[in-house]
Amino acid sequence: MVDFTILAESVVGTCEVTVTYVSCRSFKEEQPNQPDHQEGCGEGSVKMADWITTNHIVKFVDDTTVVGLIRNDNDQDYREEVEQLVGWCRDNSLILNVEKTKEIIVDFRKNRPRHAPLLINNSAVEVVSSTKFLGVHITDNLTWTANTTSLVKRAQKRLYFLRRMRRARLPPPILTTFYRSTIDSIRTSCLTVWGGGCSAADWKNVRRVVRTAEWIIGGPLPSIKDISFQRCMSRACNIIRDPSHPHHGLFSPLPSGKRFRSIRCRSSRFCKSFFPAAIRLLNCC
């Protein structure tokens, strides 16, 4: 059984392992075997390694996330990765803020062992049950209730402005444009990441915003499920057309050339995630 360590976050630089994450963050997670991590990424961009064997680093502007996979309770490689990052920051006159560094551990075993604290500069990194990474709320049980709840709250706040525009007797086309640009853009943020793993209660919570907006505008709006389907297909087609994409190899065509090889899934959680779901959609078209 694999266990995960995640997310450590600090001020100048971030390391995440997931499941730990350092700004620097760190994160440990269960994944199939993958190549070594890649480093070096320009500001404002994200670089992620392909499937990994132990660790990889994700960089975004001044945040760095260390993602580590732990097997058989052997986290030595993960801890060495964090130590190397801390040493690199020290050698380059960068200071990691340990108070802002968080670690999140994803472990689905029934009898979870007690994990030794991760130390940075002789200070223990706080272990959290959830964190926010690039606008998406990630929890240690990999459910999306916290993320959808946050998105719905942000969208509902902007419904107030839609009501004010209706009272001003603006025509429905303008109301629809405002909804799509300021409300729907929030509600569907990173939809391909969390859409497949949502529970029925999460979808109901998201659809409530759409129904309210439809009543205010006085006309139908696109279904969240339809938008999820379209974006999933679009993202999958873009990956297939881009041989340089880290996960291009996951879309492996069968000898017939008409379908793609399905990814073997051992859990419904993984089965509902983006890549297995995208392949099923492509094979059904």
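Structure shown above.
Read on for a plain summary of the structure.

Rules behind the numbers
Residues numbered from 1 in each chain as written. Predicted model: local features only at pLDDT ≥ 70, side-chain atom pairs only at ≥ 80, totals over all residues. Heavy atoms only, no water. Salt bridge = Lys/Arg side-chain N within 4 Å of Asp/Glu carboxyl O. Buried < 20%, exposed > 50% of the residue type's maximum accessible area, 1.4 Å probe, protein only. Helix = DSSP H or I, 4+ residues; strand = E, 2+ residues; numbered from the N terminus.

## Side note on the pattern of salt bridges
Across all of its chains, the model carries five salt bridges by this definition. Across the pair Asp75 and Arg79 runs a salt bridge whose closest N-O atoms are separated by 2.7 Å. Residue classification places Asp75 among the buried positions, given a relative accessible area of 18%. Residue Arg79 is classed as buried on the basis of its relative accessible area, which comes to 18%. As a salt-bridge pair, Arg187 and Asp184 come within 2.2 Å of each other at their nearest N and O atoms. Taken together, the positions of Arg187 and Asp184, both in helix 3 (residues 172-187) and three residues apart, correspond to about one turn of that helix. We note that Arg187, like Asp184, is buried.

## Quick look at unusual backbone geometry
For Asn72, which is not a glycine, the phi torsion comes out positive at approximately 55 degrees. You can call Asn72 exposed: its relative accessible area is 69%. For Leu134, which is not glycine, the phi dihedral falls at a positive 50 degrees. Turning to its location among the elements, Leu134 is positioned in the loop between strand 11 (130-133) and strand 12 (136-139).

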